[in-house]
Amino acid sequence: MENGEPFVDGLVLSHPEQLERLRRACPEAEEAAVLAGDPCFDRMLAARPYRERFRRSLGVRRGQRLVVLNSTWNPEGLFGNGGGQDLLPSLLPRLAAELPADDYRLAAILHPNIWQGHGPGQVRAWLDRARRSGLTLIDPMHAWRQALLAADIVLGDFGAVSFYAAALGIPVLLASAGQERLDPEAPVAAFVREARRIDPHGSLRTQLERALAEHRPLAGPAEFISSAPGASAVLLRRHFYALMDLPEPETPALLEPLPLPSYDPPRRTAPLQVRTRVDGADIVIERSAQHPYGAAGDVHLAVHEETLDAGSLELADVITREGRPDDPRFGSPEAWTEEVLRRHPHSAAAAYTTGPDTCTVRVRGHGVFRLSAGAGADADPAAYASSLFAWLTAGGSVSPGGTTIRVHTAGGLHRVVVLPVTTR
C-alpha cells in the first residue's frame, strides 16, 4: 500500500483461496487481484510427455530411481545455516553410502538465492564430496522444472519445489518442515502437516522404498496449486492487454516450452565398494560409496583413475576410467589397461569404458576382454567390468570364442558378451 492505495495495477494470484486470505489481510488490495493460474506449473504440465528425455539428460538409466533433493532459501531449509538442525551435511554421505549407485541417481535443486548468497564456488566446495559420489547440481533457473519432472521421489523442505512435486503427484519426503515460517491457513502449510517425514536416524533406503511403494498423492497440492491449470497464458495476456488498453492479438496465447537440458550424466570419481554374489554365470552386483554393515557378498574396491584421493588407487582391486577408444592421450584401451596395471602392481583389473554399453577390461592373469551388452542395455559398463572380475576370481573362464555372463543390477538382467582381445 502507498498512501492508502495499492501501488500495483495487478496482483496475480493462482487460486481463489489466496484471494480470501488477501481480503482478510489487506481488503484495500482486493480490487487489484487477478486470478490467472500459474504459468510455471502450466509449463511443467505441458512438458510431462518428455519426462523420459529429461531423465536421459541426467543420465538416469533404466531401472534407476532419481532422488531429487531440494532446498528453499531459509535458515530452516534443508540447505540450512549449518546449525544443529541442518540435516543436509549428514544426509548426503549417508545417501551415497546406503543407496546403490546403479539403483539410484541423486540430483539437487538449490534455491537461486543459495547460489547468489554464498557464491557458486562455495556451494560446489561444500558439496564436492557428494558430487564426486555422483550428485548433480541442477541449474536453479533453467533446469529445475525438468529435473522435477524426471524425479521418482523428492527429498526436500517446505519450499515451493516440494509443493510443486506434490501437485504433480510425485512422492515427497520432508527433511525440514519449517511450519513456523508458513501462514497456518495456506495450502502449503496443510501440505507440510500431512506430508511424510524422513527419520534422519533410520535407514534412508528403507524409507525411500517405503515412500515409493506406499505413495498416495495428497489432494491439497493438486487442488490449490492453480485454479486454472493450462490457462495461465490466456488469462495473463488478457490482463496485460487490458492494462495497456489495447486489443489482444488474434493468435493463441502460448508459453515458452521447457527446453531439453544438456546431457549431464553422473561422473563418480569417489571409490566404490562393490558387493557381488556369483552363481554360475549369474553375478548379482551392488556398488556404493561405503560397505553397509552386514551386507552379504564378496567385496572389492573400484576406484576411478581421477579420484581425488590418489592413495586409494594403491588399494584398488579395479581401476576405471571412461573415454573415446581413439583418444590419443591413452593410446588405446588395451594400452591404457596395460599401463595402469604396470603402474599399480597391487591392482587386479583395469577397465576402460568406451561407450554407453561397452568397455575393455584387462584382468591380471586372465587377459584382455571386450565387454558389450548390446544397444538395448542400460547399465554402467564399469559395473559389467566389476562383474567380470568377480566372476573370473570365483573360477570362471572365457572360452576362445567368447562367453556371456548375466549381470543382475538395478532390478534388471543384463546379458554381457565377453570376447577375448588378442594383444601383441
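Coordinates for the structure precede this section.
None of the values given here were measured: they were computed from a predicted structure.

Student: Explain the overall build of the protein chain to me, and be specific about the residues and the numbers.
Tutor: For the protein chain, the helix and strand inventory stands at 15 helices and 17 strands. Classification of the 424 residues of the protein chain by burial places 48% in the buried group. Of the accessible surface of the protein chain, which amounts to about 20,700 Å², a share of 52% is contributed by carbon and sulfur atoms. Positive and negative side-chain charges in the protein chain, numbering 44 and 51 respectively, have mean positions lying 8 Å apart.

Student: Tell me about the pairing of strand β13 (residues 349-353), residues and numbers included.
Tutor: Residues in a regular strand project their side chains so that they alternate between the two faces of the sheet. Along β13, five of the five residues are buried, which leaves the element largely enclosed by surrounding structure. Pairing geometry for strand β12 (residues 318-322) and β13, over five bridges, is parallel. Bridged to Thr 320 within β13 is Ala 351. The handedness of the β12 to β13 crossover, carried by helix α14 (residues 333-343), is right-handed. By the bridge criterion, five bridges tie β13 to strand β14 (residues 358-363) in an arrangement that is antiparallel. Paired with Ala 351 across the bridge in β14 is Val 361.

Student: Give me empty space enclosed by the protein: which residues, what numbers.
Tutor: Inspection of the entire model under this criterion finds one cavity of 30 Å³ or more. Taken as a whole, the largest cavity holds about 130 Å³ of empty space. Lining the largest cavity we find 16 residues, and of these Ala 96, Leu 99, Leu 106, Ser 133 and Arg 268 sit closest to its centre. Residues belonging to the lining of the largest cavity are distributed by class as follows: 11 nonpolar, three polar and two charged.

Student: I'd like to hear about the nonpolar core, residue by residue, with values.
Tutor: By size, the foremost hydrophobic cluster in this structure holds 41 residues, and its most contacted members are Met 44, Ile 138, Trp 144, Leu 148, Val 154, Tyr 164 and Phe 191. Elements represented by at least two residues in this core include exactly α2 (39-47), β3 (65-71), β4 (104-110), α8 (144-150), α9 (160-167), β7 (172-174) and α10 (187-194). Considering each element in turn, this core owes the most residues, six residues, to α9. In this view, Phe 191 contacts Ser 162, Phe 163, Ala 166, Val 172, Leu 174, Leu 218 and Pro 221; residues no more than four positions away in its chain are not counted. One finds Phe 79, Leu 87, Leu 95 and Tyr 104 within the second-largest nonpolar core, a separate group that totals 29 residues.

Student: I'd love a proper account of the layout of surface pockets, names of residues and values included.
Tutor: When its volume is computed, the largest pocket comes out at roughly 750 Å³. Looking at the lining of the largest pocket, the elements that each hand over two or more residues are β11 (298-304), β12 and α15 (381-393). Residues of the lining of the largest pocket, tallied by class, amount to 13 nonpolar, eight polar and 10 charged. Taken as a whole, the second largest pocket holds about 570 Å³ of empty space. Along its surface, the second largest pocket is lined by 28 residues, and Leu 88, Pro 89, Leu 92, Trp 126 and Leu 127 are the ones closest to its centre. At the level of elements, α4 (88-98), α5 (112-118) and α7 (128-132) are the ones that each hand at least two residues to the lining of the second largest pocket. Counting residues per element, the lining of the second largest pocket draws most heavily on α4, which supplies five residues. Class assignment of the residues belonging to the lining of the second largest pocket gives a composition of 16 nonpolar, seven polar and five charged.

Student: Account for the sheet that holds β7, naming residues and giving values.
Tutor: Ordered by their spatial adjacency, six strands build an open sheet running β5-β4-β3-β6-β7-β8, and the pairing between neighbours is parallel. In this open sheet, the two strands that pair with only one neighbour each are β5 (136-137) and β8 (196-197). One ladder, built from seven bridges, connects β3 with β4; its direction is parallel. The partner of Asn 70 across the bridge, within β4, is Ile 109. Seen against the sheet, α4 touches β3, β4 and β6 (153-156) and runs at an angle of roughly 170 degrees to β3. Running at roughly 150 degrees to β7, α9 makes contact with β3, β4, β6 and β7 of the sheet.

Student: Go over the packing of α4 against helix α11 (residues 204-213), please, and point to the residues and values.
Tutor: The interhelical angle for the contact between α4 and α11, taken along N-to-C directions, is 80 degrees, at an axis separation of 9 Å. Classified by the angle their axes make, α4 and α11 are roughly perpendicular. Of α11, the residues touching α4 (which contributes Leu 91, Arg 94, Leu 95 and Glu 98) are Leu 204, Arg 205 and Leu 208. Its residues assigned to classes, the contact of α4 with α11 shows four nonpolar, no polar and three charged.

Student: Go over the side chain of Ser 162, please, and point to the residues and values.
Tutor: Assignment of secondary structure puts Ser 162 in helix α9. Filtering out sequence-adjacent residues up to four positions away, Ser 162 remains in contact with Asn 70, Val 154, Gly 156, Asp 157, Val 172, Leu 174 and Phe 191.

Student: Break down the sheet that holds strand β10 (residues 282-288) for me, with residues and values.
Tutor: Taken in spatial order, the nine strands of this closed barrel run β9-β10-β16-β17-β15-β14-β13-β12-β11, and their pairing is mixed. The sheet shows a mean angle of 30 degrees between the axes of neighbouring strands, taken without regard to direction. Running over the sheet, α14 touches β12, β13, β14 and β15 (367-372) and is turned about 150 degrees from β13.

Cut-off values and rules
- Residues numbered from 1 in each chain as written.
- Predicted model: local features only at pLDDT ≥ 70, side-chain atom pairs only at ≥ 80, totals over all residues.
- Heavy atoms only, no water.
- Helix = DSSP H or I, 4+ residues; strand = E, 2+ residues; numbered from the N terminus.
- Buried < 20%, exposed > 50% of the residue type's maximum accessible area, 1.4 Å probe, protein only.
- Areas by Shrake-Rupley, 256 points an atom, 1.4 Å probe, with all protein chains shown as cover.
- Lys, Arg positive; Asp, Glu negative; His and termini not counted.
- Charge placed at Lys NZ, Arg CZ, Asp CG, Glu CD.
- Pairing = 2+ DSSP bridges.
- Right-handed = clockwise from strand over helix to strand, strands pointing away.
- 1 Å grid on protein atoms, 1.4 Å probe; cavity = no way out; pocket = protein on both sides within 12 Å on 5 of 7 lines; lining within 4 Å.
- Points joined across faces, edges and corners; volume = space filled by probe spheres on them.
- Nonpolar A, V, L, I, M, F, W, Y, C, P; charged D, E, K, R; others polar.
- Core = buried A, V, L, I, M, F, W, Y, C linked by side-chain atoms within 4.5 Å.
- Contact = heavy atoms within 4.5 Å.
- Axes fitted to C-alpha atoms, helices over the stretch in contact; angles between N-to-C directions.
- Parallel < 35°, antiparallel > 145°, perpendicular 65-115°, else oblique.

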